[in-house]
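# A structural walkthrough
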Amino acid sequence: MIKTHTLGYPRIGLQRELKFALERHWRGEIDAAALEETGAALHERHWAEQADAGLDFVTVGDFAFYDHVANHIQLFGCEPARFGFDGRETALARYFTLARGVAHEHADGICCGNAQHAGTAALEMTKWFDTNYHYLVPEFDTATRFALASERLLGEVAQARSLGHRVKVALIGPLSFLWLGKTRDAGFDKLELLDALLPAYVQLLAQLKAAGAEWAQVDEPILGLNLPGAWILAFERTYQTLNTAQLPLLLATYFSPLEENLSMACKLPVAGLHVDAVRAGHELQSIADWLPAHKVLSVGIVDGRNIWRTDLDAALARLLPLAQRRGGDLWLAPSCSLLHVPLSLREDGAMDLELRGWLAGAREKLDELQVLRRALAEGEGSVWLELREARAACEARRTSTRVRRPEVAARLAALSPNADRRASPYPERRAAQQERFNLPLYPTTTIGSFPQTAAIRAARAAHKRGELAQPEYEAAMRREIDHAVAEQEALGIDVPVHGEAERNDMVEYFGEQLDGFAFSANGWVQSYGSRCVKPPVLFGDVARPAPMTVAWSAYAQSRTARPMKGMLTGPVTILQWSFVRDDQPRSATALQIALAIRDEAIDLEAAGIGIIQIDEPALREGLPLRRAAWDGYLDWATRAFRIAACGVQDRTQLHTHMCYAEFNDILPQIAALDADVITIETSRSDMELLRGFGSFAYPNAIGPGVYDIHSPRVPSADDILRLMRKAAEVIAPEQLWVNPDCGLKTRAWPETRAALANMVQAARLLRRESALGGQAA
Ligand SMILES: Nc1nc2c(c(=O)[nH]1)N[C@@H](CNc1ccc(C(=O)N[C@@H](CCC(=O)N[C@@H](CCC(=O)N[C@@H](CCC(=O)O)C(=O)O)C(=O)O)C(=O)O)cc1)CN2
Ligand SMILES: [Zn+2]
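Predicted model, so just to flag it, every value in this text is computed and none were measured.

Parameters and conventions
Residues numbered from 1 in each chain as written. Chains lettered and ligands numbered in written order. Predicted model: local features only at pLDDT ≥ 70, side-chain atom pairs only at ≥ 80, totals over all residues. Heavy atoms only, no water. UniProt positions renumbered as here; feature names shortened; annotations may be inferred. Helix = DSSP H or I, 4+ residues; strand = E, 2+ residues; numbered from the N terminus. Contact = heavy atoms within 4.5 Å. Donors = N, O, S within 2.8 Å, 3.2 Å for Na, K, Ca; no water. Buried < 20%, exposed > 50% of the residue type's maximum accessible area, 1.4 Å probe, protein only. Salt bridge = Lys/Arg side-chain N within 4 Å of Asp/Glu carboxyl O. Polar contact = N/O pair within 3.5 Å; in protein donor to acceptor, adjacent residues only side chain to side chain. Near = heavy atom within 4 Å. Nonpolar A, V, L, I, M, F, W, Y, C, P; charged D, E, K, R; others polar. Axes fitted to C-alpha atoms, helices over the stretch in contact; angles between N-to-C directions. Parallel < 35°, antiparallel > 145°, perpendicular 65-115°, else oblique. Left-handed = near helix turned anticlockwise from the far one by under 90°. Pairing = 2+ DSSP bridges. Expected span 1.5 Å × (residues − 1). Arc of directions from axis to C-beta.

Residues given the UniProt feature "binding site: 5-methyltetrahydropteroyltri-L-glutamate" (unreviewed entry) here are Arg16, Glu17, Leu18, Lys19, Lys127, Asn132, Arg531, Cys532, Trp577 and Glu621. The named residues occupy 606 residues along the chain; their greatest pairwise C-alpha distance, 28.2 Å, places them well apart from one another. On the secondary structure map, Lys19 appears in helix 1 (residues 17–26). The contact partners of Lys19, leaving out residues within four places of it in the chain, are Ile12 and Ser530.

Surrounding the zinc ion (ligand 2) are the protein donor atoms His657 (NE2), Cys659 (SG) and Cys742 (SG), at 2.1 to 2.3 Å. Mapping the donors of the zinc ion (ligand 2) onto the primary sequence gives the spacing H-x1-C-x82-C. In this pair, His657 is assigned in strand 20 (residues 653–658) and Cys742 in the loop between helix 26 (717–730) and helix 27 (749–771), connecting sequence segments 85 residues apart. Exposure class is identical for His657 and Cys742. Each is buried.

Right, let's get into the pattern of salt bridges. Taken as a whole and assessed by the stated rule, the structure comprises 51 salt bridges. One salt bridge connects Glu621 with Lys127, and the closest N-O pair in it is separated by 2.4 Å. Of this pair, Glu621 sits in the loop between strand 19 (611–615) and helix 23 (630–645) while Lys127 sits in strand 3 (residues 125–127), placing them 494 residues apart in sequence. Each member of the pair, Glu621 as well as Lys127, is classed as buried. We note a salt bridge from Arg544 to Glu600, for which the minimum N-O separation is 2.7 Å. In this pair, Arg544 is assigned in the loop between strand 16 (537–543) and helix 20 (550–558) and Glu600 in helix 22 (residues 586–606), connecting sequence segments 56 residues apart. Summarising the burial analysis for this pair, Arg544 and Glu600 share the class buried. Among the charged side chains, a network of salt bridges with common partners joins Arg404, Asp541, Arg581 and Asp583.

Here the focus is the UniProt feature "active site" (unreviewed entry) in the protein chain. This chain's UniProt record puts "active site" (unreviewed entry) on His710. The topology assignment puts His710 in the loop between strand 22 (701–704) and helix 26. Other than its neighbours up to four places away in sequence, His710 contacts Met125, Tyr660, Arg684 and Arg747. Engagement of the side chain of His710 in a polar contact is seen with the side chain of Asp708, the distance being 2.8 Å.

Around ligand 1 there are 26 residues in total, and Lys19, Asn132, Arg460, Asp505 and Lys745 lie nearest to it. Within the side chain of Arg457, one N or O atom sits 3.0 Å away from an oxygen atom of ligand 1. At a separation of 2.6 Å, an oxygen atom of ligand 1 approaches a polar side-chain atom of Arg460. Here the element with the most residues in the shell around ligand 1 is helix 17 (residues 454–464); it accounts for five residues. Its residues placed into classes, the shell around ligand 1 shows ten nonpolar, seven polar and nine charged.

Any two packed helices are characterised by the angle at which their axes cross and by the distance between the axes. Two numbers describe how helix 5 (residues 151–162) lies on helix 7 (residues 194–210): the axes approach to 10 Å, and their chain directions differ by 20 degrees. In terms of orientation, helix 5 and helix 7 fall into the roughly parallel class. As helix 5 packs across helix 7, the resulting crossing turns out to be right-handed. Contacts between helix 5 and helix 7 involve Leu153, Leu154 and Val157 from the first element and Leu204, Gln207 and Leu208 from the second. Considered class by class, the residues forming the contact of helix 5 with helix 7 number five nonpolar, one polar and no charged.

The next point concerns the pairing of strand 17 (residues 565–569). For strand 17, the tally of buried residues reaches five of five residues, placing the bulk of the element in the interior. Burial of the side chains of strand 17 extends over both faces: Lys565, Met567 and Thr569 are buried on one face and Gly566 and Leu568 on the other. Direction of pairing for strand 17 relative to strand 19: parallel, over a ladder of five bridges. By the bridge assignment, Met567 is partnered in strand 19 with Gln613.

Before going further, it helps to spend a moment on the environment of Ser683. As for its placement among the helices and strands, Ser683 is situated in the loop between strand 21 (677–680) and helix 25 (688–695). Judged by relative accessible area, Ser683 falls into the buried class, the value being 13%. Sequence separation of Ser683 and Met477 is 206 residues, and the distance between their C-alpha atoms is 31 Å. In this structure Ser683 touches Gly705, Val706, Tyr707, Asp708, Leu723 and Asp741, once residues within four positions along its chain are discounted.

Here the focus is helix 5. In this model, helix 5 (twelve residues) spans 16 Å end to end at C-alpha, consistent with the 16 Å of a helix rising 1.5 Å per residue. If you check which residues of helix 5 are buried, you get Leu153, Glu156, Val157, Gln159 and Ala160. Viewed end-on, helix 5 has its buried residues packed into an arc of 160 degrees, placing them on one side of the element. Set apart from the buried face of helix 5 by more than 90 degrees, the exposed residues are Glu151 and Ser162. If you follow the buried residues of helix 5, they end up packed against helix 2 (32–52), strand 2 (58–60), helix 3 (68–75), strand 6 (167–172) and helix 7. Gly164, located one to two residues past helix 5, shows a positive phi value of around 90 degrees.

A few words now on the sheet that holds strand 18 (residues 579–580). Within the open sheet, the three strands sit side by side as 13-16-18. Their pairing is mixed. On the outer flanks of this sheet lie strand 13 (515–518) and strand 18, each paired with one strand and no other. Both strand 13 and strand 16 contribute to a ladder of three bridges, which runs antiparallel. The residue of strand 16 that forms the bridge with Asp515 is Ala543. Taken strand by strand, helix 22 contacts strand 16 and strand 18, and its axis lies near 55 degrees from that of strand 16.

Time to look at the sheet that holds strand 20. Consider a sheet: its strands pair through backbone hydrogen bonds, and that pairing is either parallel or antiparallel. Taken together, five strands build an open sheet; the order of strands is 17-19-20-21-22 and the sheet is parallel. With one partner strand each, in any of the chains shown, strand 17 and strand 22 form the two edges of the open sheet. Neighbour to neighbour, the strand axes of the sheet diverge by 20 degrees on average, direction disregarded. Direction of pairing for strand 20 relative to strand 21: parallel, over a ladder of four bridges. Directly across from Thr656, in strand 21, lies its bridge partner Ile678.

Let us look at the packing of helix 26 against helix 27. Look at helix 26 against helix 27: their axes get within 8 Å of each other, and the N-to-C directions meet at 50 degrees. With respect to their mutual orientation, helix 26 and helix 27 come out oblique. In terms of crossing hand, the pair formed by helix 26 and helix 27 is right-handed. On helix 27, the residues touching Ala717, Ile720, Leu721, Met724 and Arg725 of helix 26 are Ala755, Asn758, Met759, Gln761, Ala762, Leu765, Leu766 and Glu769. Tallied by class, the residues present in the contact of helix 26 with helix 27 amount to nine nonpolar, two polar and two charged.

Right, dumping it as structure tokens:
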């Protein structure tokens, strides 16, 4: 029989029930039992949706109160010793400490910044492969020990079994789990921990089998990366060992082709292999050749990374030969976990009516799997109605007059070859800008957003519900700008920002105003912990019907004599954080967005905004997982940025900002962006990143982030001075700016004010030192 399953399911809830329960729990408004109840109700509902859709198994183990990698840290008992847990905390309390750290709050609600208080910083967060989901990074060292703590997972299996479900448990495989962790000790190879980890996995698999799980899906997404030889070699031994537990294993890969790991993956001693037929469809044929006939082939045929309805005819054409060849051992699934798509968009109150029918959220994707299964097993006649409807939807999308705008393509084709170059080289621009702005040495600025307070969100929510009229909403946002400007003037920030109060999100805000985008009311996708985003849906050629930020920035500039920095999101980040069309290359879509942002920058300049920042925090995230594809991506991605940035005059100072990633790999391409100033996240790496910039004599200006905005901890002026002096060892002081790591929207005002005051004080001390000709003791 052909079977259907999913690698994972969204967990936040259609109305973000999990988010609100978590935040209530963290504020002390509901206890752990109430939170557990919400969690249990959510996964029961999600299993029911899977069972109702006719899946052969429900997936257990994909639920997490914060992050599924963090769940594995507890499951295998490897919570870092630095947290100093003493056995009195509950597992859930420890879990949230790992995820959020311990803020040593004092009477004023903020931490003093005492260095000893830094010992309980949360686990680091980083991007899950090339997605906008952030996982908590396991920490491994020579002292790491593993001890199985499977009560929670076994409890979920028992819960699902008691509801009558057939259970497949989803786990991260041991090699991917180790790979995703970080080590503090230089010279320690975390692969050395494998032998200690495997017995815990074997024990767990045996327990799951005894608890009634029929399959374990073991995710090894690292099989799609360029792995060192030792890691590739470790697979055979690892799966020989896991196989001894005698629970059938489905080895799951996704996001990237297997390439040199293909035959190895097919030969591993497991009962089945899942492959991503969306990202690696060209490998299906060789997998069907290599994978022994007795093994299950799970084909990830429905796109788990995007929201377009599947072209079922095309999918069937690809599946039929496989079904004929493999008979019963063919499983159908989404390409990857559905964590990366909204639960449903079909009934979304805000979604464009014409578009709704073109889309499929997680629920609808499960239904697509059923149609495909029945078409294969019982013949297309058994689902002709469903197939006809899907065909009509795909046809409507293909032929809609709203998708293509010939003038956009014409404009791109006519773009001058110099459109991605500034008029003059950096040194000339620098002189023109210095004459215009006369900024001091070590200028201070922030990255754009100020706290998105409850009042701001409430005003926007009321506006969206129609309870706050447009003029009142705008007046409220202008008051927020007044406040942000006044705070910055009082602090003495050299280059202020307007604070982004009017933006729900740095990508969605632009999507809402650009043609070619649609947006939803409830299309939430988890970004990290309780934080979610609503990626807009980019369905057609992009055009900018009107300026998007000019009125706000011009108003902000009218409130201060200092140069107000305008704030735009760059084309690559808008692309990366939206659901984008799959009917043209991403590069083409990025260039279209670039034109819209270019026009906006030119309009800002014309309105008197002399400093403009174009954020590209997702430039690194978009890098393909396979190195061979890097150059192609970087070519068009950096060109898209430059097209957006290079429409302005020499005397306009163009900034960019990047964060959330490991940049060392792409420093030359970052330099090639030729932004006048780049502000970049560096504080967590203790300025190490700057060595890279220093090593090839980066010519333009850099603002290395001097404090981590993810924590309410307030850095002292000394902390900041230390970091800036370290920066000045590798970058000339004339090139340096002083700023936080990223925007401050998730912070509150008291700690923001305190931290920025220390930052400005540090910058002043640095200037004094420079004036005295070196470090003044
Ligand atoms: N797209 C994107 N990706 C990103 C980032 C980013 O900024 N944007 N930053 C990085 C980290 N990721 C982050 C992702 C989300 C949030 C975040 O704060 N999200 C907010 C939602 C932001 C939002 O859309 N807000 C809306 C809706 C606010 C809301 O919840 N309103 C309530 C009512 C609130 C009230 O009455 O008080 C409602 O509608 O029910 C708005 O401001 O308008 C959240 O989860 O809480 C922060 C960082 C990487 N990826
Ligand atoms: Zn940032």
